[in-house]
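# Coordinate inspection notes
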Amino acid sequence: MLNSILLQAQGGEQAPAGGGMMSILMIVALIAIFYFFMIRPQNKKQKEIKKFRDAMQKGDKVTTAGGIHGKIKEIKNDVIILQIDDNVKITIDKAMVYPSANDAVESGADIKNNPS
């Protein structure tokens, strides 16, 4: 009985030769789709934000990663002095400034921990 089972397993039908090639093509297609729909747009968005940060000037209105809106009063290397109200100024890192609140959210700057 065991011999007949082993012989059937060895002499059974073989998979077509192109089956391995199809699976490789599917994997390549999935990687291409992943790149064009996720990686490429994210890189483009990051380049736009970097371009904005390099072009920032005194007087520009910006939003911080924490959601604070204000006007740039001074830029020193990687630090920005942001005026958020009359006689209220804060110092923040240049990497935490976005042109709008939507850009801050899309970049993943805010981490949502609200259990609501």
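It should be emphasised that the depicted structure is a prediction, and the values quoted were computed from it without experimental measurement.

Before going further, it helps to examine the sheet that holds strand 1 (residues 61-64). Reading across the sheet, the five strands line up as 4-3-2-1-5 and stay open at both edges, with antiparallel pairing between neighbours. Of all strands in the sheet, those with a lone pairing partner are strand 4 (88-93) and strand 5 (97-98), marking the two edges. Two elements, strand 1 and strand 5, share two bridges in a ladder whose sense is antiparallel. Bridge assignment links Thr 64 to a residue of strand 5, and that residue is Val 97.

Right, let's get into the confidence of the model for the protein chain. Per-residue confidence for the protein chain averages 79 on the pLDDT scale, and 70% of its residues sit at or above 70. Confidence scores differ between elements of the protein chain, with helix 1 (residues 2-11) showing the lowest mean pLDDT of 56 and strand 4 the highest of 94. Here residues 110-116 is modelled with pLDDT under 50, and outside its nearest four sequence neighbours on either side it reaches three contacts, counting other chains as well.

Quick look at the pairing of strand 1 now. Summarising the sheet, strand 1 and strand 2 (residues 69-76) pair through three bridges and their orientation is antiparallel. Looking at strand 2, one finds that Val 62 is bridged to Gly 70. Counted between consecutive antiparallel strands, the loop separating strand 1 from strand 2 contains four residues, among which Gly 67 sits at a positive phi close to 95 degrees.

Turning next to a positive patch on the surface. Residues Lys 58, Lys 61, Lys 71, Lys 73 and Lys 89 make up a contiguous surface patch of positive charge. Secondary-structure assignment places Lys 89 in strand 4.

All told, the structure shown has one aromatic pair when counted by the stated rule. On the basis of an interplanar angle of 80 degrees and a centroid distance of 5.1 Å, the ring pair of Tyr 35 and Phe 36 is categorised as edge-to-face. According to the relative accessible area criterion, Tyr 35 is partly exposed, its value standing at 36%. Its end group placed over the ring of Tyr 98, Arg 53 keeps NZ or CZ at 4.8 Å from the ring centre.

Thresholds, definitions, all that
Residues numbered from 1 in each chain as written. Predicted model: local features only at pLDDT ≥ 70, side-chain atom pairs only at ≥ 80, totals over all residues. Heavy atoms only, no water. Pairing = 2+ DSSP bridges. Helix = DSSP H or I, 4+ residues; strand = E, 2+ residues; numbered from the N terminus. pLDDT = per-residue confidence, 0-100. Contact = heavy atoms within 4.5 Å. Patch = residues over 30% accessible without salt bridge, like charges linked within 9 Å, V, L, I, M, F, W, Y side chains within 5 Å. Areas by Shrake-Rupley, 256 points an atom, 1.4 Å probe, with all protein chains shown as cover. Salt bridge = Lys/Arg side-chain N within 4 Å of Asp/Glu carboxyl O. Lys, Arg positive; Asp, Glu negative; His and termini not counted. Charge placed at Lys NZ, Arg CZ, Asp CG, Glu CD. Phe/Tyr/Trp six-rings, centres within 6.5 Å; stacked < 30°, edge-to-face > 60°. Buried < 20%, exposed > 50% of the residue type's maximum accessible area, 1.4 Å probe, protein only. Lys NZ or Arg CZ within 6 Å of the ring centre and 35° of its normal.

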